[in-house]
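The residues making up each chain are set out below.
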Amino acid sequence: MWNSPEMNDKQKKPQKLKARLPRGFVDRSAADLRAVNEMTAKIREVYEHYGFDPVETPLFEYTDALGKFLPDSDRPNEGVFSLQDDDEQWMSLRYDLTAPLARHVAENFNEIQLPYRTYRAGYVFRNEKPGPGRFRQFMQFDADTVGAPGVQADAEMCMMMADTLEALGIKRGDYVIRVNNRKVLDGVLEAIGLGGDDKAGQRLNVLRAIDKLDKFGPDGVRLLLGEGRKDESGDFTKGAKLNDDQIEKVLFFVGIKNYAESAVRLAELVAGTEKGSEGVEELNFIGALVTSAGYQSDRIKIDPSVVRGLEYYTGPVYEAELLFDVTNEKGEKVVFGSVGGGGRYDGLVSRFMGQPVPATGFSIGVSRLMTALKNLGKLGQQDVIEPVLVTVMDGDVGAMGRYQRLTQELRAAGIRAEMFQGNWKKFGNQLKYADRRGCPIAIIQGGDERAQGVVQIKDLIEGKRLSGEIEDNTTWREARVAQETVPEGDLVAKVKEILVAQAEDRKRAADGFEISYDPAQTGDDDDDV
């Protein structure tokens, strides 16, 4: 078949590239970014008051430093995003902020002043299947103390978590910092005959079982601690094979609601185990420290049901939980839950050092906490004033230079301003742009105004209000003027005057309405911790 030149041209025409967001990632709007900045600024202020200093580590680390290296895999990307450098070393995007800190401390150990008290915020990455509210990239905000062996450092972390939540506007009664200790659970497991290296697999199964306490309740965990559990679909999960006596002792431990009432029985349970007794003593010490500092059990609570991350931590563990109800996607009222957690991880830095290096710290899930604050009306309440628009009437160099000078004068006075950068020849489009952008004021100067050294200042907010209210010319003449002509030298002062008047109008409008709290507005279930 003969092909014409026109057909060949069509065949050679490049395909239009399809714009598509990578699965499991999200674009963030100006409002979201401003809310994050507002929130992290308040968190940062608390950390600074506690004497912590910022540090930043790169997004990439060598894969083995993250503890995720898989020697039996051609590509070690199980849970992490990895690539091979030109020297054939595997690097991965960090999946948390703690492992990179451990590497940083070990690499700079001789220069770092111990105890090393530091904080950092940044994105972390998980190579996992995304789902509703679960993303592959999200932000964490961490604080850590390295080189402090005493549990007074853990107690301080709990107090700082409580102060951080209150600084963000979460009132007492709407949150609690719950504290447990890995050593106590180790003592319980040893007391029921699961000590020693040969029982490591069974201990791990017990940890995994009690980690499902929130999901399945005591009855479900009882099955997982025993022979196993069959779910609604018929799938069977093998259990930890404990006997009835062992199960009862584990469930007693994780079921403790009032630590003061159960402390004696718990101490008896772990008596004779070095770790267990040490853990109970540490919990009691933390409780005494926070209480003496004014943090009662309504703010920081000893709670053995905290089991998250127990495989990772070596001593005290703590979790920040929000207690108010929200409505989930099924329309059910549920407690908002955890927004951060941490604990003592004495083994992490030691991996690089060959010597003990104690450390403790916690991580806040920024996206999840931001969702909570939005539901409480604690974020996004600050006014964001869109820029004053300096319009363009003429395109010659002299006129453009004058418009730019007016714009710079407004900026120098601390006023957000922009000169229109689109097609200036259709002036109506400039005012449409200002309206859609939400600009409060437009500055207009044509050739006649320029010759007289004056500018027109158009109050776009008042103009919009008047256009909706005014029905005849008489009312228009009697109403507040929405456009004024002033000398160029009075531009800044007049713009400030109008912005102040607009701010007062907004305040009066806000005072006239009662803000209601609708927990159903929560839309982000991203678990960043």
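The structure this text deals with has already been given above.
This section reports on the structure supplied with the text. (Residues numbered from 1 in each chain as written. Predicted model: local features only at pLDDT ≥ 70, side-chain atom pairs only at ≥ 80, totals over all residues. Heavy atoms only, no water.)

### Side note on the overall build of the protein
Scanning the protein from terminus to terminus reveals 18 helices and 18 strands. Taken across its 529 residues, the protein has 46% of its residues classed as buried. In the protein, 70% of the contacts between residues at least 6 apart in sequence involve partners at least 24 apart. (Helix = DSSP H or I, 4+ residues; strand = E, 2+ residues; numbered from the N terminus. Buried < 20%, exposed > 50% of the residue type's maximum accessible area, 1.4 Å probe, protein only. Contact = heavy atoms within 4.5 Å.)

### Notes on the sheet that holds strand 16 (residues 441–444)
The strand order across the open sheet formed by five strands is 15-14-16-17-18, and the pairing between neighbours is mixed. Lying at the two open borders of the sheet, with one neighbouring strand each, are strand 15 (417–419) and strand 18 (483–487). The sheet shows a mean angle of 25 degrees between the axes of neighbouring strands, taken without regard to direction. With five bridges joining them, strand 17 (residues 454–459) and strand 18 adopt antiparallel strand pairing. For Val-454, the partnering residue across the bridge sits in strand 18 and is Pro-487. The sheet strands contacting helix 14 (residues 427–437) are strand 14 (388–390), strand 15 and strand 16, and the helix crosses strand 14 at an angle near 170 degrees. (Pairing = 2+ DSSP bridges. Axes fitted to C-alpha atoms, helices over the stretch in contact; angles between N-to-C directions.)

### Observations regarding the pattern of salt bridges
For the coordinates displayed, the defined rule picks out 33 salt bridges. Salt-bridge contacts for Lys-183 lead to Glu-282; the nearest nitrogen and oxygen are separated by 2.7 Å. Of this pair, Lys-183 sits in helix 5 (residues 182–191) while Glu-282 sits in helix 10 (residues 274–292), and the two are 99 residues apart along the sequence. Neither Lys-183 nor Glu-282 differs from the other in exposure class; each is buried. One network of salt bridges, with partners in common, ties together Asp-163, Glu-166, Arg-172 and Arg-299. (Salt bridge = Lys/Arg side-chain N within 4 Å of Asp/Glu carboxyl O.)

### Remarks on the nonpolar core
In this structure, Tyr-47, Ile-177, Leu-225, Leu-266, Leu-322 and Leu-369 are the most contacted members of the largest nonpolar core, which totals 77 residues. The element best represented in this core is helix 4 (residues 152–167), accounting for eight residues. Beyond its immediate chain neighbours, meaning those up to four positions away, Leu-322 contacts Leu-165, Ile-170, Asp-174, Tyr-175, Val-335, Phe-336, Gly-337, Val-339, Leu-369 and Ala-372. Counting residues in hydrophobic clusters, the runner-up holds 26 residues, among them Leu-410, Ala-417, Val-486 and Ile-498. (Core = buried A, V, L, I, M, F, W, Y, C linked by side-chain atoms within 4.5 Å.)

### Comments concerning the pairing of strand 7 (residues 175–181)
Looking along a regular strand, one sees side chains alternate from face to face of the sheet. For strand 7, a buried count of seven out of seven residues is recorded, marking the element as mostly surrounded by other parts of the structure. Residues Tyr-175, Ile-177, Val-179 and Asn-181 line one face of strand 7 and the alternating positions Val-176, Arg-178 and Asn-180 line the opposite face, and both faces are buried. With three bridges joining them, strand 7 and strand 10 (residues 300–302) adopt parallel strand pairing. When the sheet's bridge partners are listed, Ile-177 is paired in strand 10 with Ile-300.

### Describing helix 3 (residues 98–107)
Most of helix 3 is tucked away, with nine of its 10 residues classed as buried. Looking at helix 3, one finds that the buried residues are Thr-98, Ala-99, Pro-100, Leu-101, Ala-102, Arg-103, His-104, Val-105 and Ala-106. The inward-facing, buried residues of helix 3 abut strand 2 (60–62), strand 5 (116–125), strand 6 (137–146) and helix 11 (346–353).

### So, the packing of helix 4 against helix 10
Two elements in contact, helix 4 and helix 10, have axes whose closest approach is 9 Å; the angle formed by their N-to-C orientations is 50 degrees. Accordingly, the angle class assigned to the pair helix 4 and helix 10 is oblique. In this structure, helix 4 meets helix 10 at a crossing whose hand is right-handed. Counting all contacts with helix 4, which are made through Gln-152, Asp-154, Ala-155 and Met-159, the residues of helix 10 involved are Phe-285, Ile-286, Leu-289 and Val-290. (Parallel < 35°, antiparallel > 145°, perpendicular 65-115°, else oblique. Left-handed = near helix turned anticlockwise from the far one by under 90°.)

### Examining the environment of Gly-446
With respect to the element layout, Gly-446 can be found in the loop between strand 16 and helix 15 (447–452). Of the residues examined, Gly-446 reaches a relative accessible area of 6% and is grouped as buried. It is 9.4 Å that separates the C-alpha atoms of Gly-446 and Thr-391, two residues lying 55 residues apart in sequence. Dropping the residues within four chain positions of it, Gly-446 is found in contact with Met-393 and Asp-394.

### A short note on the packing of helix 5 against helix 9 (residues 259–270)
How two helices pack is summed up by the angle between their axes together with the distance between the axes. Where helix 5 meets helix 9, the closest approach of the two axes is 8 Å, and the angle between their N-to-C directions is 55 degrees. By the angle between their directions, the pair helix 5 and helix 9 is classed as oblique. Residues Val-184, Gly-187, Val-188 and Ala-191 of helix 5 touch helix 9, and the partners they reach there are Leu-266, Leu-269 and Val-270. Counted by class, the contact of helix 5 with helix 9 contains six nonpolar, one polar and no charged residues. (Nonpolar A, V, L, I, M, F, W, Y, C, P; charged D, E, K, R; others polar.)

### Side note on the packing of aromatic side chains
In the structure shown here, the tally under the stated rule is seven aromatic pairs. Here the aromatic residues Tyr-47, Tyr-119, Phe-141 and Phe-362 are joined through ring pairs into a cluster of three or more. The ring of Phe-216 has Arg-229 lying over it, and the distance from NZ or CZ to the ring centre is 3.7 Å. Looking at Arg-265, its charged tip hangs above the ring of Phe-252, at a distance of 3.8 Å from the centre. (Phe/Tyr/Trp six-rings, centres within 6.5 Å; stacked < 30°, edge-to-face > 60°. Lys NZ or Arg CZ within 6 Å of the ring centre and 35° of its normal.)

### Comments concerning the sheet that holds strand 4 (residues 90–93)
Taken in spatial order, the three strands line up as 2-4-3 in an open sheet, and their pairing is antiparallel. Since the sheet does not close on itself, it has two edges, and those belong to strand 2 and strand 3 (82–84), each with one partner. Neighbouring strand axes in the sheet, compared pairwise and without regard to direction, differ in orientation by 30 degrees on average.

### Some words on the environment of Ala-148
By the element assignment, Ala-148 lies in the loop between strand 6 and helix 4. With 33 residues separating them along the chain, Ala-148 and Pro-115 place their C-alpha atoms 5.6 Å apart. In contact with Ala-148, not counting residues within four places along its chain, are Pro-115, Ala-153, Arg-344 and Pro-358.

### Things to note about helix 13 (residues 397–412)
Taking 1.5 Å of rise per residue, 16 residues should cover 22 Å, and helix 13 covers 22 Å from first to last C-alpha, within 8% of that figure. All buried positions along helix 13 are accounted for by Ala-399, Tyr-403, Leu-406, Thr-407 and Leu-410. On an axial view of helix 13, the arc spanned by its buried residues comes to 95 degrees, and they lie on one face. Set apart from the buried face of helix 13 by more than 90 degrees, the exposed residues are Val-397 and Ala-412. (Expected span 1.5 Å × (residues − 1). Arc of directions from axis to C-beta.)

Geometric descriptors of this kind do not, in isolation, establish any biological role.
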